[in-house]
Each structure stands twice: as structure tokens, then as C-alpha cells.
Amino acid sequence: MKSILFSLAVLYSVLAFAQTPIDELQKSNISYLESQESEGFEFRSQIITEFDQANASQNVNIKLSKDFTYLIIALGDSNIPEITLDVKPSKKVAMKSMSWDGSMAAQSFSVTPSKSGRFKISINAVGLNASARGFISFMILRR
């Protein structure tokens, strides 16, 4: 019994201190969120999803209000080579591409809806090979 408990404690310690691509992704998320909060944006939502070649595109449906400007950000871990975002209906939003200074794959837009409503945002992991899996953090902030 003691050896089982010891083994579980060692396994937990290894997992707790292991650095993985998702750990680096979370550090980048926190840094980005802190910088945008200082610009007056508030955090609205976040999802982190695993992507692979068979599931390289995922859709999020979200309600956006014409009373706010949003930052829509997708940030990939080190296993994601490239990310693209597609917002529909695009004719109901003013979109401006935002630059990303980090070393990870990312795409972000400043989005101002001309009309409140539901929007479909496609998150695409581009260039994954057959054996690659990675995580993408998708965040929405507003001001």
C-alpha cells in the first residue's frame, strides 16, 4: 500500500512540474490578457481545444453586441504551425487585423459589429502533419 501511495505521489510530482506546450500557451495567455486589460479591455470568454489533422477546424457561435469592440484571439501552442480565423457574417462587422509579437502561431482581430447578433467564428489549425496534435486557446475580450 505504501509503495502505491509513493508511486502516485512521484507521478503527481512529475506531472505537476513537467513543462508542456500547453503550459507555455497558458503563460502567453496570461501575459496577453494582462496587457489588454491595461488597454481597457475586459475578459469575456476562453476555450482551449485540441486540434489534429482530422479535426483542424472548429466553429464557435457567439453573440456580439454593437455596443462593444471585441478582440478575438487564437493562440496556438508550439505544435501548431499556423492559425487562421474566419468571422461570419463578415459584412456585419468592421475587422482590423492585430499584430502578434510572440513566437507562437496566432491570429487576432479587433471586431466592431455594425449590428448585434450571433456570429460564427471558424478556428483553423493550418499545416498540421498527420502525427501532430496541439492546443489552441481562443479568447474574446471587449471594451
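Refer to the preceding data block for the structure.
Here's what I pulled together on the structure shown here. (Residues numbered from 1 in each chain as written. Predicted model: local features only at pLDDT ≥ 70, side-chain atom pairs only at ≥ 80, totals over all residues. Heavy atoms only, no water.)

A word on the sheet that holds strand β8 (residues 133-142). Spatially, β1-β8-β3-β6-β5 is the arrangement adopted by the five strands of the open sheet, whose pairing is antiparallel. The open sheet terminates on both sides in strands that have one partner only, identified here as β1 (42-52) and β5 (93-98). Taking each pair of neighbouring strands and ignoring which way they run, the sheet shows an average axis angle of 20°. Sheet topology places β1 next to β8; ten bridges connect them, and they run antiparallel. In the sheet register, F51 faces β8, and the bridge partner there is G134. (Pairing = 2+ DSSP bridges. Helix = DSSP H or I, 4+ residues; strand = E, 2+ residues; numbered from the N terminus. Axes fitted to C-alpha atoms, helices over the stretch in contact; angles between N-to-C directions.)

Quick look at the side chain of S122 now. Relative to the helices and strands, S122 is located in strand β7 (residues 117-126). The exposure class assigned to S122 is buried, which follows from its relative accessible area of 10%. Among the polar contacts listed, one links the side chain of S122 to the side chain of N59, at a separation of 2.7 Å. Excluding anything up to four places from it in sequence, S122 contacts Q58, N59, T84, L85 and D86. (Buried < 20%, exposed > 50% of the residue type's maximum accessible area, 1.4 Å probe, protein only. Polar contact = N/O pair within 3.5 Å; in protein donor to acceptor, adjacent residues only side chain to side chain. Contact = heavy atoms within 4.5 Å.)

So, about the pattern of salt bridges. Under the counting rule described, the total for this entry stands at five salt bridges. Residue R142 pairs with E42 through a salt bridge whose shortest N-O separation is 3.1 Å. Residue R142 is located in strand β8, and its partner E42 is located in strand β1; the two are separated by 100 residues in the primary sequence. With relative accessibility at 40%, the residue E42 sits in the partly exposed group. A salt bridge links D67 to K66; the nearest nitrogen and oxygen atoms lie 3.8 Å apart. Linked through salt bridges whose partners overlap, the residues forming this network are E50, D52 and R133. (Salt bridge = Lys/Arg side-chain N within 4 Å of Asp/Glu carboxyl O.)

Let's shift gears to the nonpolar core. Ranked by internal contacts, the top residues of the largest apolar core, which has 24 residues, are I80, L85, I121, I123, I136 and F138. Secondary structure elements with two or more residues in this core: β2 (57-64), β3 (70-76), β4 (82-88), β6 (106-113), β7 and β8. In this structure I136 touches L25, I47, I48, T49, F51, A74, L75, G76, I80, I83, I123 and A125, once residues within four positions along its chain are discounted. (Core = buried A, V, L, I, M, F, W, Y, C linked by side-chain atoms within 4.5 Å.)

Before going further, it helps to spend a moment on the environment of L85. Tracing the backbone shows L85 in strand β4. As for L85 and N124, which are separated by 39 residues in sequence, their C-alpha atoms are 6.3 Å apart.

This part is about the sheet that holds β4. Taking strand neighbours across the sheet as the criterion, the three strands line up as β2-β7-β4 in an open arrangement whose pairing is antiparallel. Lying at the two open borders of the sheet, with one neighbouring strand each, are β2 and β4. Each neighbouring strand pair of the sheet contributes to a mean axis angle of 20°, computed without reference to strand direction. Here β4 pairs with β7 via seven bridges, running antiparallel. Pairing of T84 across the sheet is with N124, part of β7.

Coordinates in, geometry out; function isn't part of it.
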